[in-house]
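Coordinate analysis (summary)
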Amino acid sequence: MPRTLMAVNFGADLKHRTLSALVLVPVVLLAAWLGGIPFAILWVLAGGAILYEWATLARLDNQPLFLGIGAITLIGGGGLALSDAPVYAFSAAALGAAAAALAVPRQSGWAMSGLLVAASACLPVVVLRGTTPLGLIAVLFLCAVVWATDIFAYFTGRALGGPKLWPRVSPNKTWSGAIGGTLAGMAAGLLVAAIPGGASSLLPVAGLALVLSIVSQAGDLAESAIKRLFGVKDASRLIPGHGGLLDRLDGFAAASLAAVVVALARSASDPAAGLLLW
């Protein structure tokens, strides 16, 4: 591709990404600050959109039934995520995935995967938010790690280039971008964790941010591999310059799921404390 055309495409892509971010980021941050039901509703709606994108992408049979099962699962899981026993939200997701497999027997693996991906994109972050001030910091920490990783991987890769990370799956991603994104994700996570009332010890949180940054990039690559398998560039055209919600939340879903596993393993009664207080 000629350099002039590449520059034009890059400029248009950057413009669309910036405008979309200016709309979406304030909505997410406001919902995180409000917490509770508004926050859960936002993320359950996002999970529902991802479920629809997955059903379309995988060309699932019995889509109305699949989407109905998914909607019940995500709404029920969202309610459980706000309860005193948020771990049951993931039990609901597992039961919903089993029901989805029965509803779409010919494509049971894709049906189960789609529901679990949608649940991973919305339920862990609701569980982490909880109802405490520390829950808000936990969500901001997670967002900071994933967003900084994504942004700096994009710009570092563009600026430095170099060897490709996994050219067969995602030809635009480079090792320089992956490393730059990881370092930026760690730094951003530490800045948020250092907020008064946040993390009690920054060293383990730095290690956690490193792991979550890597996991978020792995989630991004996994979604790229699935799209390549189905021969599409984007999951949908919902967000200008970004594709669909699945394209934007692939890394976030992977990182938030990893984060909530750590959090619940350390403190089932207070996931935010389990994530940040070491």
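Overview of the structure. Quick caveat, the model's predicted, so the values are computed rather than measured.

This part is about the nonpolar core. Residues Phe39, Trp43, Phe66, Phe141, Leu142, Phe252 and Leu275 are the most contacted members of the largest nonpolar core, which totals 74 residues. Counting residues per element, this core draws most heavily on helix H6 (residues 133–160), which supplies 12 residues. Residues within four places of Phe141 in sequence aside, it is in contact with Gly189, Val192, Ala193, Val205, Leu208, Ala209, Leu212, Leu275 and Leu276.

Two elements in contact, helix H5 (residues 108–129) and H6, have axes separated by 7 Å at closest approach and are oriented at 140°. As judged from the angle between their axes, H5 and H6 are oblique. Judged by residue contacts, Val125, Leu128 and Arg129 of H5 engage Gly135, Leu136, Ala138, Val139 and Leu142 from H6. Each residue belonging to the contact of H5 with H6 can be placed in one class, and the counts come to 6 nonpolar, 1 polar and 1 charged.

A separate point is helix H9 (residues 245–266). Between its first and last C-alpha, H9 extends 30 Å over 22 residues, near the 32 Å set by a 1.5 Å rise per residue. When the local axis directions of H9 are compared, the greatest deviation, roughly 35°, occurs at Gly251.

The next thing to look at is the pattern of salt bridges. Tallied over the entire structure, the rule returns 6 salt bridges. In this structure, the salt-bridge partner of Arg248 is Asp150, at a minimum N-O distance of 3.1 Å. Of this pair, Arg248 sits in helix H9 while Asp150 sits in helix H6, and the two are 98 residues apart along the sequence. The class for Arg248 is partly exposed, based on a relative accessible area of 25%. For Lys233, the salt bridge identified is with Asp234, shortest N-O distance 3.9 Å. For Asp234, a relative accessible area of 30% gives the class partly exposed. In the salt-bridge network here, residues are joined through shared partners; they are Glu223, Lys227 and Asp247.

Calculation notes
- Residues numbered from 1 in each chain as written.
- Predicted model: local features only at pLDDT ≥ 70, side-chain atom pairs only at ≥ 80, totals over all residues.
- Heavy atoms only, no water.
- Core = buried A, V, L, I, M, F, W, Y, C linked by side-chain atoms within 4.5 Å.
- Buried < 20%, exposed > 50% of the residue type's maximum accessible area, 1.4 Å probe, protein only.
- Helix = DSSP H or I, 4+ residues; strand = E, 2+ residues; numbered from the N terminus.
- Contact = heavy atoms within 4.5 Å.
- Axes fitted to C-alpha atoms, helices over the stretch in contact; angles between N-to-C directions.
- Parallel < 35°, antiparallel > 145°, perpendicular 65-115°, else oblique.
- Nonpolar A, V, L, I, M, F, W, Y, C, P; charged D, E, K, R; others polar.
- Expected span 1.5 Å × (residues − 1).
- Bend = angle between axes of the 7 residues up to and from the residue.
- Salt bridge = Lys/Arg side-chain N within 4 Å of Asp/Glu carboxyl O.

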